[in-house]
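# Breakdown of the fold
The residues making up each chain are set out below.
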Amino acid sequence: MAVASIKEIKQKALEELKAISDLSQLSEYRVKYLGKKGVITLALKALKDLPPEERRILGAELNELKDFLEERLDSLKRELLLAEEDRLTDFDITLPGRRPEIGTLHPLTKTIREICDIFLRLGFEIVSGPEVESDYYNFTALNIPEWHPARDMQATFYLENGALLRTHTSPIQIRTMLQRTPPIRIIAPGKVYRCDADVRHSPMFHQIEGLMVDSDVSFADLKGILTYFAKETFGERTKVRFRPSYFPFTEPSLEMDISCVICDGEGCRVCSNTGWIEILGAGMVHPEVFRAVNYDTEKWQGFAFGLGVERITMLKYGIDDIRLFYDNHLYFLDSFKTL
Ligand code: PHE
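The following paragraphs examine the structure supplied in this document. Computed from a prediction, not measured in an experiment: that's the story for all the values here.

Moving on, we come to the pairing of strand S4 (residues 184-193). Of all ten residues that make up S4, eight are buried, and the element is covered over most of its length. The pairing of strand S1 (residues 125-126) with S4 spans two bridges and is classified as parallel. Across the sheet, residue Ile 126 finds its bridge partner in S4, namely Ile 187. Judged from the ten bridges that link them, S4 and strand S5 (residues 204-214) form a sheet pairing that is antiparallel. Considered in S5, the bridge of Pro 189 is made with Ile 208.

And the structure:
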């Protein structure tokens, strides 16, 4: 017996193994290969005539094949028996059908769609922009010059060619204003990137930008629209408050808080006992931004806002770890099926 013939035995045995589809084929196969006069049994017997070195190598290979086949045949037999049993059991037509598993939208996708829907009802249009941005669109045109401390507020991922990953969705304001003429009413959801990671921060997260430019847009319009958005998102009873804030691309700037969704304003851990939770930044478009896109500041006014999708989703559903959104655990994602 030679190495070549062992290879052949093995190849044939594995091929025929694949073709077994019922119990009688299985027992025929077992006799053919592993029976008293089976191919492998005989080959093992023939080993004794070989020189010791060859016997050792070929013996090991044959035994390995034999063990493998025995194990495979045993489990195949179990499978075939079960299938047989299934077939013989009476078919009960009163049993409920087996429902196919269906998926569900990711909670962040849900929030993005819900928020976009609210603004679509107000006549806004959805637009998008690139995630790889230039320094100009992400910072300079938004009145954040080279030396500005606000650049450090948003720890930026820079790419090798001088481009960067956008740190906010605000560059879409610039791109839109350059492409269009007012009136403008847009909403822009998308991924943004900042070098930051803990239970509340992820290096990639989602924002939604809003921009409205027209010949008669006031701070009151901004407050009205944001109040409507908050009540639509968190419920009619939600209270809002506006605090003065600072962004280089808006003047005046504000941050909007909502009454705490967990304690209803009573004070709890989530709102650090203040009863209020910050949900977005906004303001009137800064004249320097209008100048960057060649808009006549005497003719046009506008407001802009930016909100964090993860933050709003965490508040809506009481989620306390941002990383759950990206882990892809089905038990987490499935819990949004009925919501
Ligand atoms: N871009 C700001 C941020 O990332 C949010 C913002 C958008 C503020 C538009 C004012 C106007 O935090």
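The next point concerns the nonpolar core. Formed by 42 residues in total, the largest nonpolar core has its most connected members in Phe 229, Ile 279 and Phe 303. In contact with Phe 229, other than residues within four places in its own chain, are Ile 115, Ile 118, Phe 119, Met 256, Ile 279, Leu 280, Leu 307 and Ile 312. The next biggest cluster of nonpolar side chains, apart from the first, holds 22 residues, and it includes Leu 142, Phe 249, Val 285 and Ala 304.

Not every one of the 15 residues close to the ligand is listed here, only the nearest: His 168, Ser 170, Arg 194, Gln 207 and Gly 306. Between the ligand and His 168 there is a distance of 3.0 Å, counted from a nitrogen atom to a side-chain nitrogen or oxygen. Here a nitrogen atom of the ligand sits 2.9 Å away from a polar atom, N or O, in the side chain of Ser 170. Elements that contribute at least two residues to the shell around the ligand include exactly S5, strand S8 (276-285) and strand S9 (301-308). At three residues, S9 tops the list of elements feeding residues into the shell around the ligand. In terms of residue class, the shell around the ligand is built from five nonpolar, eight polar and two charged.

Cut-off values and rules
Residues numbered from 1 in each chain as written. Predicted model: local features only at pLDDT ≥ 70, side-chain atom pairs only at ≥ 80, totals over all residues. Heavy atoms only, no water. Buried < 20%, exposed > 50% of the residue type's maximum accessible area, 1.4 Å probe, protein only. Helix = DSSP H or I, 4+ residues; strand = E, 2+ residues; numbered from the N terminus. Pairing = 2+ DSSP bridges. Core = buried A, V, L, I, M, F, W, Y, C linked by side-chain atoms within 4.5 Å. Contact = heavy atoms within 4.5 Å. Near = heavy atom within 4 Å. Polar contact = N/O pair within 3.5 Å; in protein donor to acceptor, adjacent residues only side chain to side chain. Nonpolar A, V, L, I, M, F, W, Y, C, P; charged D, E, K, R; others polar.

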